[in-house]
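Topology and contacts: notes
What follows is the residue order along each chain.
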There are 2 protein chains.
Amino acid sequence: PAPSPPAARAPRPRGGLVAVRAEAGGGINPTIRKEEDKVVDTVLTGELAKPLTAYCRCWRSGTFPLCDGTHVKHNKATGDNVGPLLVKK
Amino acid sequence: PAPSPPAARAPRPRGGLVAVRAEAGGGINPTIRKEEDKVVDTVLTGELAKPLTAYCRCWRSGTFPLCDGTHVKHNKATGDNVGPLLVKK
Ligand code: FES
Ligand code: FES
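Residues numbered from 1 in each chain as written. Chains lettered and ligands numbered in written order. Predicted model: local features only at pLDDT ≥ 70, side-chain atom pairs only at ≥ 80, totals over all residues. Heavy atoms only, no water.

**A short note on helix H2 (residues 70–78) of chain A**
All names here are of chain A. Applicable threshold: Classification of residues uses two cut-offs on accessible area relative to the type maximum, computed with a 1.4 Å probe and protein chains only: under 20% is buried, over 50% is exposed, and between them is partly exposed. Secondary structure counts use DSSP, requiring at least four H or I residues in a row for a helix and at least two E residues in a row for a strand, with both numbered from the N terminus. Here the arc refers to the set of directions running from the helix axis out to each C-beta atom. We call two residues in contact when some of their heavy atoms are within 4.5 Å.
Buried within H2 we find His71, His74, Asn75 and Thr78. Around the axis of H2, the buried residues are gathered within 95° of arc, so they sit on the same side. Pointing more than 90 degrees away from the buried face of H2 are the exposed residues Lys73, Lys76 and Ala77. Contacts made by the buried residues of H2 are with strand E3 (82–88).

**Section: the packing of aromatic side chains**
Note on aromatic pairs: each is described by the distance of the centres and the angle between the planes. Residue and element names in this part refer to chain A. Formally: In this scheme Phe, Tyr and Trp rings, the latter by its six-membered ring, pair at centre separations within 6.5 Å, and the angle between planes marks the pair as stacked below 30 degrees, edge-to-face above 60, and tilted otherwise.
Per the counting criterion, the structure on display carries two aromatic pairs over all chains. Both rings, one in Trp59 and one in Phe64, keep their centres 4.7 Å apart while their planes meet at 25°; by these two values the pair is stacked. Using a relative accessible area of 14% as the deciding quantity, one classes Phe64 as buried.

**Focus on the sheet that holds strand E2 (residues 52–55) of chain B**
This is how it is decided: Strands were regarded as paired on the criterion that DSSP finds at least two bridges between them. Angles run from 0 to 180 degrees between N-to-C directions of axes, and those axes are lines fitted to C-alpha atoms, restricted for helices to the stretch in contact.
Spatially, the three strands line up as an open sheet ordered E1(A)-E3(B)-E2(B), and their pairing is mixed. Of all the strands in the sheet, just strand E1 (39–44) of chain A together with E2 of chain B have a single pairing partner and so form its edges. Here the strands of the sheet are splayed against their neighbours by 25° on average, with no regard to which way each runs.

**Re the sheet that holds strand E1 (residues 39–44) of chain B**
Spatially, three strands are ordered E2(A)-E3(A)-E1(B) in an open sheet, and the strand pairing comes out mixed. Looking at strand neighbours, the two that pair on one side only are strand E2 (52–55) of chain A together with E1 of chain B, the edges of this open sheet. Between one strand and the next, the sheet's axes are offset by a mean angle of 25°, whatever the strand orientation. Across five bridges, E3(A) lies against E1(B) in parallel orientation. Bridge assignment links Leu86(A) to a residue of E1(B), and that residue is Thr42(B).

**Points about the environment of Pro51(A)**
Residue and element names in this part refer to chain A. Looking at the secondary structure, you find Pro51 in the loop between E1 and E2. In this structure Pro51 comes out as exposed when scored by relative accessible area, which is 60%. As for Pro51 and Asp68, which are separated by 17 residues in sequence, their C-alpha atoms are 17 Å apart.

Here is the structure:
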């Protein structure tokens, strides 16, 4: 006979109760500069290149600390409503 | 006899498997302006009051969009490493 799928052989949690962390991965930043104790960035307004610059607050941008629009995907996938901080010079 | 605690009477999940969302509450912003589709804020650099202003990226500040230091508590509680965006004029 065909082997059972792996999930069918996973052990049942004892007592049927499972502890679930309130936030996956211990927080809201899954990947950015995890070697740093605290990720802080500084904008020098005198050095802004463009009239308007968007800074990421979703911790999922590929160009962090800049926003690359990935918050849209995050919001759609999770039902969240986060967006960037816009800095206007 | 004393009544059983409510948890003891909770139904056991069928099959012993439980679906767990990757992110609690659907995202990283639990409470801020949830009536808005997307929370975007704008800094007008010409109107900055102080030489240095810290903006929240942890979505837990009581003075959002400003940082009030609550990221420290969040990092300690979850093992995360998030911090503010500093804007210098
Ligand atoms: S990509 Fe993170 S706020 Fe836009
Ligand atoms: S309170 Fe959110 S980054 Fe400081």
